[in-house]
Structure formats: structure tokens, C-alpha cells
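A look at the structure
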Amino acid sequence: MPPHKQVPSLQSSTLKLVAYLLRRLCCDWNVSTDKLQSVIDHIQVHIPPQIQALVCRTVLQYSTNKIVFPELLNQKYLMLCTQLHAKYLWINNSQALVPLLKELDGYSVQILKMVGSNSEDIYLESYMYGFQKGAQLEGLYHFLRTLSNLTMLKCSQMCDNYMLEIISQSCPHLEDLSIEMCTDVDDEGVFYLAGHLPTPDTYSRIRRGAQIPSKSVCTKLKKVNFDYTMASTASAVMLLHLCPLVEELNVTPDVKIEDVFTTLHGSDPERYPEVKAKYTLKVIHTYTEIDENELALIVRTCPHLEDVTLRCNGVERKDRNLLANLLSLKIITLNVMNCNMLALLWYLSQRGDHLLSLTIQHLTNSPANLTFTRTHLQKVIQTCPKLQKFTLKLNNNPMQPDLPYSSFGSQMSYFQSLSHLMLEGAAVTPEDLTVLVGKCKKLTELHILIHNLDMLNDQVLYSLLDSGSLESLQTLFLYRPMLTLAGLKRLLDRCPHLHTLGPISSWAIEKKDREALMKEIRLNNWDLNIESPEMMHLIIQ
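Residues numbered from 1 in each chain as written. Predicted model: local features only at pLDDT ≥ 70, side-chain atom pairs only at ≥ 80, totals over all residues. Heavy atoms only, no water.

Let's talk about the packing of aromatic side chains
Let me state the cut-off plainly: Between rings of Phe, Tyr and Trp, where Trp is taken as its six-membered ring, a pair exists when centres lie within 6.5 Å; planes separated by under 30 degrees are stacked, by over 60 edge-to-face, and by other angles tilted. The numbering of helices and of strands both runs from the N terminus, where a helix is a DSSP run of H or I of at least 4 residues and a strand a run of E of at least 2. Only protein chains enter the accessibility calculation, which uses a 1.4 Å probe; a residue is then buried when its area is under 20% of its type maximum, exposed when over 50%, and partly exposed in between.
On inspection of all chains with the given rule, the structure shows four aromatic pairs. Arranged with centres 4.7 Å apart and planes meeting at 85°, the rings of Tyr141 and Tyr162 form a pair that is edge-to-face. A residue pair is termed long-range when its members are at least 10 positions apart, and Tyr141 in helix 6 (residues 138-144) and Tyr162 in helix 7 (residues 161-170) qualify at 21 residues. Relative accessible area serves as the criterion here: at 1%, Tyr141 is assigned to the buried category. On the basis of relative accessible area, Tyr162 is assigned to the partly exposed category, the value being 35%.

Structural data, given as C-alpha cells:
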């Protein structure tokens with residue numbers, strides 16, 4: 001049976017009740033800020049600061065998977081959180097809200113999320129109060145100057161260059177910065193963040209090995225993202241050179257990471273062996289085909305890379321030459337797109353024992369000669385004994401049954417260390433599933449989104465359950481399998497840790513049976529999620 005929800009302690013129940021009442025006060029337009037202030041004063045006297053912060057977190061019901069309604073993100077919510085030592089704060093774009101930020105102090109805030117809106121009303125509203133004019137945003141600017149303990153900032157559609165300049169002067173503990181869909185952010189703002197405005201000879205000085213000092217206080221940056229802004233290659237160059245701890249860097253889809261390194265060190269491959277610079281990047285994602293010489297430069301200057309995404313050519317010789325550059329690295333996460341399997345297996349035979357996560361993708365425009373066979377699967381299993389996460393996306397192509405599994409005899413291999421498995425766009429058979437999960441005693445998450453999932457019926461499920469491979473499952477996502485109510489009950493009986501599965505509205509279960517199951521879940525207090533927004537989000541992905 002599914003796990004039961006834990007009975008909350010008296011303390012947690014009380015805090016949830018307090019948070020619920022405070023949330024109602026924030027959303028009740030008949031409650032003035034003066035009345036709320038008296039409540040805040042009372043809480044400050046009788047509840048310790050650490051508990052105050054916990055209450056604020058509960059007010060927002062903070063979780064990356066939860067939906068937060070904009071009407072809660074008002075002046076009263078901001079008053080409450082900034083005065084009760086909240087570590088997490090969410091600011092919503094509003095004409096009435098932004099000026100009021102000038103009265104607030106964000107000293108306790110460690111995680112800040114600022115979200116604009118792409119609705120026409122908000123755009124018109126933004127234009128009316130001069131979103132482009134710094135004077136109109138003085139309240140927000142003032143608030144940003146108080147964020148001296150900020151460690152993470154997530155901002156969407158609500159940032160400009162001046163905000164980045166303020167952050168570069170006010171947030172010495174910032175480690176994670178993500179600015180997305182902000183067209184008012186360009187190279188100038190990123191240069192302020194990095195602490196240096198480039199001069200005509202800046203790049204030539206960098207190529208000569210000059211160490212350019214940064215004036216930014218953001219010396220702890222590790223993750224930086226400027227997706228869908230106006231930032232260019234120059235922004236990535238300055239961030240990489242001036243932020244010595246950056247491990248993950250993303251600018252925009254138009255900026256190629258290889259161009260960043262050739263800007264830093266020139267485009268002459270013959271000079272690359274002379275390059276002495278070293279960067280702390282651990283993550284490199286390239287979604288366009290990259291030249292092997294350019295990748296060699298990246299690897300030479302980033303010896304700590306451990307998470308790599310590559311788009312390959314599909315030709316064995318070219319892909320092998322490309323992957324050969326990775327042999328000197330200890331890669332633990334590898335994502336290859338359109339990669340020739342012979343070239344990939346050659347690499348895995350030498351470095352597969354380091355891998356913990358592997359993704360094999362065939363894109364919509366994959367070369368016609370790319371296939372994935374049962375023999376390939378056996379080789380992946382054999383060369384990656386420590387693999388914990390495996391994702392196979394074949395763009396609606398079947399896994400080719402080049403040989404019957406019986407032909408492998410005593411050499412037959414099974415995944416045994418997997419905790420996460422995702423199959424997408426790949427037609428598989430029950431025999432394939434047995435090889436993939438039949439002996440995975442540690443499997444906690446299984447996602448299958450393929451076009452022939454109707455082959456997964458009750459009997460196939462029973463066979464997998466009898467193997468004992470699904471006993472540790474916590475999350476099971478199956479879209480449109482031929483599983484009935486009997487299969488679902490057997491699944492719940494044999495998987496005691498299962499707390500998220502479905503979406504069962506796509507299963508072969510009648511509506512009345514689904515409704516009866518929902519009632520049973522409530523009556524038994526099961527910690528079981530069968531039809532949540534999170535599940536539907538997986539379908540969209």
C-alpha cells in the first residue's frame with residue numbers, strides 16, 4: 001500500500017494555521033496595512049526569528065512545483081516577509097507595488113524571485129508608469145540595495161541594466177543568478193555585474209594573459225544565466241574571465257560557447273597548445289555542432305568539466321574525433337545529440353565507468369543512418385556499470401531488434417544501479433523493458449512517454465513486479481498505457497514507497513473508478529499523488 005501521510009506535530013500544525021491566517025489577511029482587501037502591522041508587531045514579540053522565517057515560507061507554500069497566485073504577492077505580503085526575517089521572497093510586477101518597495105528592508109532575504117507578466121495589461125501598465133525610466137523604479141532599486149545577504153536571484157521579465165549595476169555593488173554573497181526574458185538587459189548591464197567595462201584593447205590583453213581586476217562585489221558567483229536577453233558573446237567572455245568561481249554559464253541560445261573561448265584565446269588552432277588559462281566551469285552545453293579544435297580549446301582551459309552536452313555530426317570518424325577530446329576529463333553527466341553509436345560506444349569503453357548520468361538523443365533532423373539497437377543497449381549497460389540516470393530519446397524511432405535477447409546467452413547484461421529511467425519517443429517491447437528495469441532494485445523514478453505504450457498491459461506490469469525491480473519506485477509516469485484498475489491496485493500493493501504516479505486519466509480506467517480511488521486516498525490518508533499539475537507538466541515536456 002502507498003505510504004501514509006505523516007501526522008503533523010502540534011508545532012507544525014500551529015505554524016500552518018498561523019500561516020493560513022496570515023495568508024488570508026494578505027488577500028483580504030478589507031484589512032489595512034496598519035491592522036496587519038499590529039499583527040506583525042505581536043508576532044515579532046512572541047515568536048523567535050527562525051520560526052518567523054518558517055511561517056513566512058509556509059505563507060507562500062514555497063515549493064518549486066507549487067503555483068503561487070499573484071493576488072497574494074501584494075504590499076501586505078512584502079511587509080510581512082521583510083519584517084519577519086523571511087529568507088525567501090517573491091516579487092510580482094505591479095504598478096502599485098514597485099514604489100512601495102522603497103520602504104522595505106531585504107536584509108534577511110537569501111532567495112529572491114522577481115516575475116513580470118507577459119499580459120498586455122501589464123505591458124500597458126509598465127509603459128504608463130515608465131518601466132524604462134529609472135526614476136519610476138526607484139523603489140525597486142532601493143530595495144535591491146538592501147539585499148546584502150542574497151545568495152540566489154531569479155528574475156523573469158523584470159530587470160534592466162541598472163539593477164545589475166546595483167547588484168554588483170550590494171550582493172557580496174550572490175552565488176546563483178538567473179535573468180530570463182528581460183530585453184532591457186544587454187552587455188552593458190552584464191559588464192557592470194562582472195565589474196569591468198571593456199575597452200578596445202581588453203580582449204587582446206586577455207589573450208596576452210593579463211589579469212583584469214573586477215570592481216564587482218559578486219565574487220562568489222557560481223551559476224549565471226542570461227537566457228533570452230540582449231546579452232552577447234562579449235558578456236560571456238567578461239563573466240568567464242572576471243568571475244573566477246563560475247561553474248555554469250549560459251547567455252542566450254544565439255551565443256555559442258565555442259565563440260566565447262575563441263574570443264578569449266583567438267581562432268588559430270595551432271596556438272591552442274600555448275594557452276595557459278584555466279577556468280572553473282563544470283558545465284558546458286552546446287546545442288549546435290562544434291568543431292573538434294574548438295572543443296579541444298574548451299577542454300584544455302576547463303579541466304574541471306563534469307557535465308557536457310554535445311551535438312554531434314552522426315558520422316563515426318567525426319564524432320569519435322570530437323569525443324576524443326573528453327577522454328582527459330572525468331565526465332559524470334553526458335548528453336549526446338545525433339551521435340554515431342559506434343563512436344559513442346568507443347568513448348564509453350574508455351570512460352563509461354565514470355558516468356552517473358547518460359542521455360542519448362536523436363533530434364527531429366537526425367541523420368537517417370542513426371539507429372539504436374539491442375546490441376547498443378547491451379554495450380551501454382556493460383560499459384557504464386555505475387550509471388544512475390539513463391534517458392533515451394529516439395524521436396519516435398523504434399529500438400531496433402537486431403538480435404533476439406536469447407542470442408546473448410550468459411553474456412546478457414541488465415542495468416542494476418539505475419535510480420532514474422526515462423524513455424521518450426522510442427518504441428520498445430516488453431523484452432526491452434525487462435532488460436532496462438528487470439534488475440534495477442534501486443529504481444525510484446520511471447518515466448515512459450512513447451508512442452507504443454499500449455504494449456504495457458497488466459500482464460507485462462505483473463511480470464516486472466514479480467522481478468522485484470519496481471519495489472523502490474517513488475515516481476511512475478506512464479502516458480496512455482493499457483493498464484486497468486486491477487493493474488493499478490497490484491502496483492500500489494507491491495510498491496510501498498510510490499507517492500506520485502499517473503496521469504491515470506490516460507490509463508484504461510473508467511472515470512467512476514478513478515473517483516473511487518481518489519476517495520480511498522483521502523479516507524486512508526495516503527501520501528499519493530495521481531493527477532497533479534506536476535504530472536500534467538510532464539506531458540507537456
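As for empty space enclosed by the protein
To keep things clear, this is the line we draw: Residues are said to line a cavity or pocket when one of their atoms sits within 4 Å of a point; the points come from a 1 Å grid over protein atoms alone, cavities being sets where a 1.4 Å probe fits but cannot get out and pockets being open sets with protein on both sides within 12 Å along at least five of seven lines. Grid points are joined across faces, edges and corners, and a volume is the space filled by probe spheres set on the points. Gly falls in the polar group here, along with every residue not listed as nonpolar (Ala, Val, Leu, Ile, Met, Phe, Trp, Tyr, Cys, Pro) or charged (Asp, Glu, Lys, Arg).
Tallied over the full model, the rule gives one cavity of 30 Å³ or more. Size it by volume and the largest cavity reaches roughly 60 Å³. Around the largest cavity, the lining residues are Leu433, Leu446, Ile448, Leu456, Leu461, Leu464, Leu470, Leu476 and Leu478. When grouped by side-chain class, the residues that make up the lining of the largest cavity number nine nonpolar, no polar and no charged.

Details of helix 7
Test applied: Whenever a nitrogen or oxygen atom comes within 3.5 Å of another N or O atom, the pair is scored as a polar contact, on the condition that within protein one atom can donate a hydrogen and the other can accept it, and that pairs from neighbouring residues in sequence are kept only if both atoms are in side chains.
A large share of helix 7 lies buried, amounting to eight of its 10 residues. Buried within helix 7 are the following residues: Asn161, Met163, Leu164, Glu165, Ile166, Ile167, Ser168 and Ser170. Two to three positions downstream of the cap, the backbone nitrogen of Tyr162 sits 3.3 Å from a side-chain oxygen, assigning the N-cap of helix 7 to Asp160.

Describing the pattern of salt bridges
Here is the rule we go by: Salt bridges are defined by distance alone: a side-chain nitrogen of Lys or Arg within 4 Å of a carboxyl oxygen of Asp or Glu.
Summed over the entire model, instances satisfying the criterion amount to eight salt bridges. Taking the shortest distance from any N to any O, the salt bridge between Glu138 and Arg145 comes out at 3.3 Å. Here Glu316 ties to Arg320 by a salt bridge, and the two come within 3.2 Å at their closest N and O atoms. Remark: Arg320 and Glu316 occur in helix 13 (residues 316-324); sequence separation between them is four residues, near one turn of the helix. Residue classification places Arg320 among the partly exposed positions, given a relative accessible area of 30%.

Thoughts on the layout of surface pockets
Size it by volume and the largest pocket reaches roughly 710 Å³. Contributing to the lining of the largest pocket are 31 residues, with Asn225, Leu249, Asn250, Val251 and His285 lying nearest its centre. Elements with a minimum of two residues in the lining of the largest pocket: strand 2 (111-115), strand 3 (152-156), strand 4 (176-180), strand 5 (223-225), strand 6 (248-250), helix 11 (257-265) and strand 7 (283-289). Of all the elements, strand 7 adds the most residues to the lining of the largest pocket, at six residues.

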